[in-house]
Amino acid sequence: MNLPGHPELVTWLLEGDPALRWQVLEDLTDASDAEVSTERQRVAWEGWGARLLAEQDEAGTWAQGLYLPKWTSTTYTLLLLQRLGLAPGNIQALAGCKRLWDGARYTDGGLNLVYRSPETCVTGMLVLLGSYFGYQDQRLGAAVSWLLRDQLSDGGWNCQARRKGSRHGSFHSTITVLEALLAYRRSGGAVLVDAAADCAEEFFLRHHLYRSHRTGEVANEEFLRFPFPPQWHFDILRGLEYFRACGNAPDPRLADAVEQVRLARRPDGTWKRYRPYPGFRWFPLEEPGASRITSLRCLRVLRWWDAR
């Protein structure tokens, strides 16, 4: 990949953890599928991925919890492993998925790990993890159908809709469900989700990804930060990653958000490590300063955008 003015960036990125290296090879170089696959397999037995897998207990959980504590519970540890690229079919990940699905409250297709009634974000997270890692459960299709029924008239989702009657889509809930539907579709799921995904994508595009539909101002200044992992939070980089991953041509309405990513770039061509969300962590992925994770994520989004 040609990075004008910063030819050393790919070399620097490849000096990072295997969870980064396979993604750099796949997204920023001309490496072969075999090279990418070989590097990706190392996530399970070297570096961050191996350290996280080593924290799983004999019961198949992490931190002895399904959804809590944040961010070391089974749900959030598996979400991090998914973002690091632990390969689908991993035995430990499948055991964790089984604990989540067996431990969830199941109501009319919807799932919850905390409250009594089904909850949009939790259902989305479990659909994402089950679809990505290849967990086979007959409830998966029903959970997707429940999410489709839970979609709001503006095309988004909001986990507060059932508890507090909110009728406007939430940026956080909507990106969570969109990522879940994408993983479900890629897994060969039987329930048709294209129409719902199209409406949710349009929800984001009407907001230029991160602006208020009423004022046009930034809906939340936190959207301009890119911590990794994003946990349940939306930010513009996470949103752009979704639009890149779903394979659609870049929409001009995303231009403003892309420019915000460019503006966050440091003079040396890197992006900084953003302060993580408050909560427990197994270990810090990176120290403050230049972030390989954030730089990789930003560079591949810009490469996708600039190639349009």
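Report follows, based on the coordinates. Small disclaimer: the values here were computed from a predicted structure and weren't measured.

**Examining the overall build of the chain**
Now for step 1: The helix and strand tally for the chain stands at 14 helices and four strands.
Now for step 2: Relative to the compact-globule value of 19 Å for 308 residues, the chain shows a C-alpha radius of gyration of 19 Å, a close match.
Now for step 3: With the C-alpha coordinates aligned to their principal axes, the bounding extent of the chain is approximately 55 × 50 × 35 Å.
Now for step 4: In the chain, once contacts between residues fewer than 6 apart in sequence are set aside, the share between residues at least 24 apart is 66%.
Now for step 5: Charge-centre separation for the chain: the mean point of 37 positive side chains lies 5 Å from the mean point of 36 negative side chains.

**Remarks on the nonpolar core**
Now for step 1: The biggest cluster of nonpolar side chains holds 91 residues, and the ones touching the most others in it are L78, L126, F133, F204 and L209.
Now for step 2: For this core, the element with the highest residue contribution is helix α10 (residues 171-186), accounting for nine residues.
Now for step 3: Excluding its chain neighbours within four sequence positions, the residues that come into contact with L78 are W62, A93, G96, C97, L100, L129 and F133.

**Topic: unusual backbone geometry**
Now for step 1: Of note, the bond from L68 into P69 is cis; its omega dihedral lies within 30 degrees of zero at 5 degrees.
Now for step 2: Along the chain, the position of P69 falls in the loop between α4 (47-54) and α5 (74-84).
Now for step 3: F228 connects to P229 through a cis peptide bond whose omega is -5 degrees.
Now for step 4: Structurally, P229 is set in the loop between α11 (194-206) and α12 (236-245).

**Some thoughts on the pattern of salt bridges**
Now for step 1: A complete count under the given rule lists 22 salt bridges for this structure.
Now for step 2: D137 is the salt-bridge partner of R139, the closest N and O atoms lying 2.8 Å from each other.
Now for step 3: One continuous salt-bridge network, built from bridges that share partners, spans D27, E241, R244, R297 and R300.

**Here we look at α11**
Now for step 1: Between the first and last C-alpha of α11 there are 18 Å, a value that for 13 residues agrees with the 18 Å anticipated at 1.5 Å per step.
Now for step 2: Of the surrounding secondary structure, the elements contacted by the buried residues of α11 are α8 (139-149), α10 and α12.

**A short note on the packing of aromatic side chains**
Now for step 1: For the coordinates displayed, the defined rule picks out 14 aromatic pairs.
Now for step 2: Seen in terms of ring centroids, F226 and Y274 are 5.0 Å apart; in terms of plane orientation they differ by 55 degrees. Their pairing is tilted. Taken as a pair, F226 in the loop between α11 and α12 and Y274 in the loop between β3 (271-272) and β4 (290-291) lie far apart in primary sequence, 48 residues in all.
Now for step 3: Linked through ring pairs, F171, F203, F204, F223 and F234 together constitute an aromatic cluster.
Now for step 4: In this structure, R225 is placed above the aromatic ring of Y277, and the distance from its NZ or CZ to the ring centre is 5.9 Å.

**Concerning the environment of G47**
Now for step 1: Considering the arrangement of structural elements, one finds G47 in helix α4.
Now for step 2: Note on G47: relative accessible area 26%, which makes it partly exposed.
Now for step 3: In the structure, G47 is positioned 125 residues away from H172 in sequence and 29 Å away in space, judged by C-alpha atoms.

**Section: the packing of α5 against helix α6 (residues 91-103)**
Now for step 1: Packing of α5 against α6 leaves a shortest axis separation of 10 Å and a crossing angle of 145 degrees. α5 and α6 meet at a crossing whose hand is left-handed. When α5 is examined against α6, the residues T74, T75 and L78 are found in contact with a partner set consisting of A93, G96, C97 and L100.
Now for step 2: The residue makeup of the contact of α5 with α6, split by class, is four nonpolar, three polar and no charged.

**Looking at the packing of α8 against α10**
Working note: a packed helix pair is described by the angle between its axes plus the distance between those axes.
Now for step 1: It is at 12 Å that the axes of α8 and α10 come closest, and there the two elements cross at 140 degrees. It follows from the interaxial angle that α8 and α10 lie oblique. Read as a crossing pair, α8 and α10 show a hand that is left-handed. Residues L140, G141, V144, L147 and L148 of α8 pack against V177, L181 and Y184 of α10.
Now for step 2: Per-class residue counts for the contact of α8 with α10 are seven nonpolar, one polar and no charged.

**Re the state of the cysteines**
A covalent bond between the sulfur atoms of two cysteines is what we call a disulfide.
Now for step 1: Counting across every chain of the model gives zero disulfides.
Now for step 2: The cysteine C159 is free of any disulfide, with C121 supplying the nearest cysteine sulfur at 4.1 Å.
Now for step 3: Lacking any disulfide linkage, C298 is separated from the closest cysteine sulfur, that of C246, by 18 Å.
Now for step 4: Overall, the relative accessible area of 0% leaves C298 in the buried class.

Calculation rules
Residues numbered from 1 in each chain as written. Predicted model: local features only at pLDDT ≥ 70, side-chain atom pairs only at ≥ 80, totals over all residues. Heavy atoms only, no water. Helix = DSSP H or I, 4+ residues; strand = E, 2+ residues; numbered from the N terminus. Rg over C-alpha atoms; globule rule 2.2 N^0.38 Å. Contact = heavy atoms within 4.5 Å. Lys, Arg positive; Asp, Glu negative; His and termini not counted. Charge placed at Lys NZ, Arg CZ, Asp CG, Glu CD. Core = buried A, V, L, I, M, F, W, Y, C linked by side-chain atoms within 4.5 Å. Buried < 20%, exposed > 50% of the residue type's maximum accessible area, 1.4 Å probe, protein only. Salt bridge = Lys/Arg side-chain N within 4 Å of Asp/Glu carboxyl O. Expected span 1.5 Å × (residues − 1). Phe/Tyr/Trp six-rings, centres within 6.5 Å; stacked < 30°, edge-to-face > 60°. Lys NZ or Arg CZ within 6 Å of the ring centre and 35° of its normal. Axes fitted to C-alpha atoms, helices over the stretch in contact; angles between N-to-C directions. Left-handed = near helix turned anticlockwise from the far one by under 90°. Nonpolar A, V, L, I, M, F, W, Y, C, P; charged D, E, K, R; others polar. Parallel < 35°, antiparallel > 145°, perpendicular 65-115°, else oblique. Disulfide = S-S within 2.5 Å.

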